[in-house]
Each structure stands twice: as structure tokens, then as C-alpha cells.
Amino acid sequence: MPSKREEQESKTSAGRSSGEKATRERGGSPEGDNVLSSRMGQFLISTRPVPGVHPLAGLDLLEQNLRSDPEVQVVDVLTPRSATGAFGNGRSGSQRVIVARMREDKAARLAQEGGYQVIVERDHALTYAHTAVPSLPLDAGGFNQANGFTINITVMGDDGPVEGALVRIFGSLFPTQGVTGRQGRVELNVIGESPSTIHAVYVKPRSDFWSIWVPQPTLNPEGPNVISLKDLGATLPNFSSQQFIGWGQRAMHLDSVPSAFRGKGVKVAIIDSGAATTHRSIKRQVKAGYDVVAKSQEGWEEDAIGHGTHCAGIIAGNAENSEGMRGFAPEAEIIVCKLFPGGRYSSLLDALEFCIGQRADVINLSLGAAEPSAIIEQKIFQATQMGIACIAAAGNSGGPVQYPASSPNVLAVAAIGKQGEFPPDSYHALTARPPLTPQGFFSPNFTCFGPSIAVCAPGVAVVSSAPPDNFAAWDSTAVAAAHISGLAALILAHHPDFQAQGMFGARNLQRVDRLFQIIRQCGQPLNLGDPMRTGAGLPDATRAFLPAEVGRTMAAFPEVSHGLQSRGAPYFAAAPFGGYAPAASGQPFPYAPIWGAGPGPWASGQLPESMWLLAFQQLKTAMQSAGLL
């Protein structure tokens, strides 16, 4: 027989069990259960440069205190690889960034106690600037879980089933999605809907086909539902038989730039999802890489998302005399930083540091977050001071420009599209918003906009490389930014200002400012209702190489200048006041910006010193004629 003590323990245990059961029924949580609560946040902690104050000792002490605090988990400490100060402050030594996990209130107290010199900010997760899957307004009311149906959809191409295609069904409630298998089929369980309440079906293939948008579909829960996709080659002439130049490159007149301009000697870093180096269009261009999330020199050649591979093809696709993608700078060197999936601001810091160490000339930032970062900004400024141009995608939320594109130290790029460059039943058609230019250009509904937009570039239905050796048509401001990064590589490689003897040959802040000035100056304004959506317009690659010789068009670029003038286009000679450019004889001669069309009014033998006065007088006269003075 059990003892009295055992009987008491049994009663106590039974009482506890019944109490726990009652607690669960009331919605409470007994001790020992996993109570759902907010998880700890991840934060970046560093110091703000203050003149005359060296922050190193204070940061050391702060790191020690954080490591000894039981409420804080130090995840990583980022130490700069470069010899100069981490944030462009000119000091030698290693200024570090602490990555730590803690609760929100703890981080707020740390920021308050640290004062101005200590920076505490959230280590935001980054999104790659690729257009989000389309969404529709949702019914604000409830839904009946008893309603619903199962639907089987088969996605087919010309040669058979399409594997890996995203299928999304939009009803009055929440979208339902799935991915097709090897037989091109996907089964979707749609809750709270009936076939008559479905607004649309969207299919986005992984590669080689156009997307499709089917409004008000006639779905049959009992029978097969087949959706046929169009091959990319169906609307792109000679796509599968020879080298391909996208509509974006043509819109920016890359085909009018001298064939010798290929970007040789310039390094372009792509901070993205990696790059499939086996792709026919880029396999000879990628020279180095780093997986910043895994902190490994390996793995960056794998691009499961495909985003980095797509941007690399636009920038430096090089498929000579064969099928493949022709990019802006097919002889530029590509440096790959794999940031996705899983990238955060801390990963971006490490990636920027790697690019600085590799002495990149251009950094393509096809990524973003809603909130700016003072720590990232200091690192971007350091890169700029070292002559590295950072070019960023504006973002795809359809709202204000995201960070880092909103930074004053980068060139922010918005997206534009063009009617006639995609099938009318593709999802690309739904991105168009009025007005349209006479040429068919439009500002898509997804592009972010604002006063920080510098220029716009093609970003709708842009076909480029996709892993492992395929092609895909994508929409995004990332695609637009890649066009401008490729153009920047061409300008740095071939514009006389950036040669060793040029005024901006040295790697410094002035070099970056001059590059951004040229890109803006060669923009073609687009009247799309709001200049904050397009900035200075769509850059014309030929305009970037139009410095004017004294008294005549510069002899070094006759096919560019003659081709542009034959179109009757006024142009800006992209050159500084009193600058120099190599003449046909090999000797430098002075040149200056020209307003209007054709050769400028400079007298033969004009000295550079007096050109400042002449240029100022010309500007004053133009402003007086316009009624501005």
C-alpha cells in the first residue's frame, strides 16, 4: 500500500495536472510551456567619428561589458581589412563594429547611455531589389474555413512541361501559391474560396519563358487546368541563334558606342546572390568572389536565386560570336559578393570591406532596406573617398527610395519600361502606369521614387542570364541599376577624364563625383509626369563620350558624335571646364562643355585658363535668353 506521503504527492500531482489543463482551457500558459513572445533583435554597435577623439579604447571596454552581460549575445565583431580607418576618417588602425543580440529595451538603454559617439542600430535584413510577387487588395471581412477547393494546374511550354514555375492564385482572401514539379504540375489547396471568387492566376517561370497573367480564370476543380507559356524566343528575333543585346542596351544606344569600348581594366563588384560562373555569358568575366554570409571564399559561384547572375549578364555579358548575352562592358572584371539569402546590414558591411580590399571601381548595390544606417553610410563614404562608385537600386515597393539608394553618396537608379518589349498577356504589362512617352516608355508601378533619384534605366521585361545556363525576363530596379553600373564601367575605362593623364585619373572622391556628373549629363529627359520618378532621365551611352575639341567635334570619337548629330539630337559634351582629352595626334588639347548641338564656339588655340571665363559667359548668356537672369 502507498504511504501517506506518496498519496499526498499523488494528489498534488493530480491537482497540478488538472490545474494545468484548466489553465490551457482558459488560454493561459503553465510554467514550463513555451510562451510565444518577441525574439531578441540583432543590432550593430560602433562609434561615430568625432574630431580629436579616438574611439578605440571606449569600443574595447564596451565590447567587454557586452560579452559579460547575460542579457546580450555577441554574434560577431567586424574588423576592417583595409589599412585606413574603417569609416573613411583617415585614421589608421582597426575600428570595429560589434554585432550583438539583445532585447529592444536593452538596445535603447545602451544607445541612450552611449550618447552621441556610440551608434546602436538594428541589423536589418536586406531584400534583393527584385519585384515582389503581385498582390491584390484583400477582403477585410472574415472567411469560412469550410469553403475551399483543390485545383490541379499544369504549366506547359512548346517542348513539354515547365518545371520550377511559381503558380499563384488570387482570390478575395489570401493568395495561394506553389511550384510546379517535373511534370509541370502543382496541386493547390485554396481555403475560403470557390472557383468563381478567383480574380487571377499568375505564373512566373524560373527561366526561358515569359510570365503570364490570366484574369478571371475558368478553373475546373474536376479536370485538368493547362496554362501554356510563350518561349522567350517567340518575341525576340534571333534570340537562340546568335549574340543577344537586350532592349535596355539598345534604348541606351550601346549599339552606337564604338565596338572597341569594352570596359577593359575596370572592376565591377556585384553584391547580390552570387553568380553562376558556368553560364556561357559570364564565365570568363568573374575573377574573384566571397560568400559574406558564410564568411567563405567558396560557395559564391552557386546562385540559387539567380539575381546576381542576371545582373552580371547585363553588366558584363560576353558571348562573342555565339548564343548568349552581350553586356555593357564585356571585358570588365566582375567581383562577386554573395549576400543572399540571409543578408543583413552586417553582411553588407563585410561585403563593402571586401570590395574595397579588391580595389573595385564600381559597386552594384541591388539591395535595400526601409531604414538608413549611419554605420553603413560611413563605410559607403569610405569607399567613395577611395574612388569607388556605388550605384544602387531605388527599390521595388512603389514608395519612397530605400536605403542605400537614398544615401547622398551613391547614385540612385529608378526603373522604366517600354511598351512592345513583352507579350501583352505577361505580368510585365500590368506594371505599366500612365503616362507613356511617344516612344512607349513608362514608369512602372513598382519603382521607388523621390528627390534622390539620379537617373532611370530599363527595368521591365529585361532578358539576361539565369542559372545554370539559361535566360530569364525580370522586372526590378536592380535590373535598372545593373544597366547604369555597366555604363559606369565603360565611362571609367574609355573616357579621357579617367585615364592616367586625365584630370580624374586618381582614385578619390572627385573621381566619383565626376563619373556621376557624366552619367547625369548624358541623360535623356523623359516626360512621365513626375521628375522624381526618372531623375535626369535615361542615359544615352553615346553622349557620355562627346567631349568637343577646340573649334570642332573631337576626332577621337567621330562615329559617336556623327551618329548622334545625324539623329538631330542636341547634346552635352561630358567634359569639365578646362579639361583635357587626347587629340588624334596623341597630344592633349583643351575642351569644355557645349550647350546645344554641334561643335562649340571656341577659338583655335584657346588656353584652358580662359575657358573658365568663356564657359561662364556662355552660361550667363543662355540664362539671360531663358529669362532666368
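See the structure shown above.
The structure displayed is predicted, hence computed values, not measured ones.

About the thresholds
- Residues numbered from 1 in each chain as written.
- Predicted model: local features only at pLDDT ≥ 70, side-chain atom pairs only at ≥ 80, totals over all residues.
- Heavy atoms only, no water.
- Helix = DSSP H or I, 4+ residues; strand = E, 2+ residues; numbered from the N terminus.
- Buried < 20%, exposed > 50% of the residue type's maximum accessible area, 1.4 Å probe, protein only.
- Contact = heavy atoms within 4.5 Å.
- Areas by Shrake-Rupley, 256 points an atom, 1.4 Å probe, with all protein chains shown as cover.
- 1 Å grid on protein atoms, 1.4 Å probe; cavity = no way out; pocket = protein on both sides within 12 Å on 5 of 7 lines; lining within 4 Å.
- Points joined across faces, edges and corners; volume = space filled by probe spheres on them.
- Pairing = 2+ DSSP bridges.
- Axes fitted to C-alpha atoms, helices over the stretch in contact; angles between N-to-C directions.
- Lys, Arg positive; Asp, Glu negative; His and termini not counted.
- Salt bridge = Lys/Arg side-chain N within 4 Å of Asp/Glu carboxyl O.
- Polar contact = N/O pair within 3.5 Å; in protein donor to acceptor, adjacent residues only side chain to side chain.
- Phe/Tyr/Trp six-rings, centres within 6.5 Å; stacked < 30°, edge-to-face > 60°.
- Lys NZ or Arg CZ within 6 Å of the ring centre and 35° of its normal.
- Expected span 1.5 Å × (residues − 1).

**Student:** It is not clear to me how the overall build of the chain should be interpreted in this structure. Could you clarify?
**Tutor:** Scanning the chain from terminus to terminus reveals 11 helices and 32 strands. The proportion of buried residues among the 629 residues of the chain is 53%. The long-range share in the chain, meaning contacts at least 24 apart out of those at least 6 apart in sequence, stands at 72%. In the form shown here, the chain has an accessible surface area of approximately 27700 Å², with 52% of it arising from carbon and sulfur atoms.

**Student:** Got a minute to help me understand empty space enclosed by the protein in this structure?
**Tutor:** Here the idea is plain: a probe the size of a water molecule rolls over the atoms and shows the empty space left. Throughout the structure, instances matching the rule amount to two cavities of 30 Å³ or more. Its volume calculated, the second largest cavity comes out at about 50 Å³.

**Student:** For this particular structure, what's the right way to read the sheet that holds strand E2 (residues 73-78)?
**Tutor:** Backbone-to-backbone hydrogen bonds join strands into a sheet, with any given pair of strands oriented parallel or antiparallel. Spatially, the four strands line up as an open sheet ordered E2-E3-E1-E4, and their pairing is antiparallel. Only two strands of the sheet have a single neighbouring strand rather than two, namely E2 and strand E4 (118-122). Averaged over all neighbouring strand pairs, the angle between strand axes comes to 25°, with direction disregarded. Of the pairings in the sheet, the one linking E2 to strand E3 (residues 97-102) comprises five bridges and is antiparallel in character.

**Student:** So what exactly am I meant to see when it comes to the sheet that holds strand E12 (residues 212-215) here?
**Tutor:** On the basis of which strands lie adjacent, the open sheet formed by four strands has the order E9-E8-E11-E12 and antiparallel pairing. Among the strands making up the open sheet, the edge pair consists of strand E9 (176-179) and E12. The mean inter-strand angle of the sheet, taken between neighbouring strand axes irrespective of direction, is 15°. One ladder, built from five bridges, connects strand E8 (residues 166-170) with strand E11 (residues 200-204); its direction is antiparallel.

**Student:** In this structure, what is going on with the environment of Pro434? I would like to understand it.
**Tutor:** The topology assignment puts Pro434 in the loop between strand E22 (411-418) and strand E23 (441-442). Separated by 11 residues in the primary sequence, Pro434 and Asn445 place their C-alpha atoms 9.4 Å from one another.

**Student:** Even after reading the chapter, I still don't get the side chain of Arg168, so can you show me in this structure?
**Tutor:** By secondary structure assignment, the location of Arg168 is in strand E8. Within the buried core, Arg168 has no salt-bridge partner, and the shortest N-O distance to an opposite charge, that of Glu193, equals 12 Å. Separated by 2.4 Å, the side chains of Arg168 and Gln177 make a polar contact.

**Student:** It is not clear to me how helix H5 (residues 307-316) should be interpreted in this structure. Could you clarify?
**Tutor:** Quick reminder: α-helices carry 3.6 residues per turn. Residues three or four places apart thus point the same way. Within H5, 10 of the 10 residues are buried, leaving the element largely enclosed by the surrounding structure. Within H5, burial applies to His307, Gly308, Thr309, His310, Cys311, Ala312, Gly313, Ile314, Ile315 and Ala316.

**Student:** What exactly am I supposed to notice about the packing of aromatic side chains here?
**Tutor:** Note on aromatic pairs: each is described by the distance of the centres and the angle between the planes. Taken as a whole and assessed by the stated rule, the structure comprises nine aromatic pairs. Judged by centre distance (6.2 Å) and plane angle (50°), the rings of Tyr202 and Trp213 are tilted. Taken together, the residues Tyr202 in strand E11 and Trp213 in strand E12 connect sequence positions 11 residues apart. Both residues of the pair, Tyr202 and Trp213, belong to the buried class. Note on Trp213 and Tyr427: the rings are 5.8 Å apart at their centroids and 45° apart in plane angle, and the pair reads as tilted. With Trp213 in strand E12 and Tyr427 in the loop between E22 and E23, this pair connects stretches of sequence that are 214 residues apart. Owing to a relative accessible area of 13%, Trp213 belongs among the buried residues under this scheme. Among the aromatic residues, ring-to-ring pairing joins Phe170, Tyr202, Trp213 and Tyr427 into one connected group. Sitting over the ring of Tyr116, Arg48 keeps its end group 4.6 Å from the ring centre.

**Student:** Please clarify how helix H8 (residues 477-494) should be interpreted in this entry.
**Tutor:** Between the first and last C-alpha of H8 there are 26 Å, a value that for 18 residues agrees with the 26 Å anticipated at 1.5 Å per step. Burial analysis of H8 places 18 of its 18 residues in the buried class, which makes it a mostly covered element. A distance of 3.2 Å separates the backbone nitrogen of Ala478 from a side-chain oxygen at the start of H8, and that oxygen is part of Ser476.

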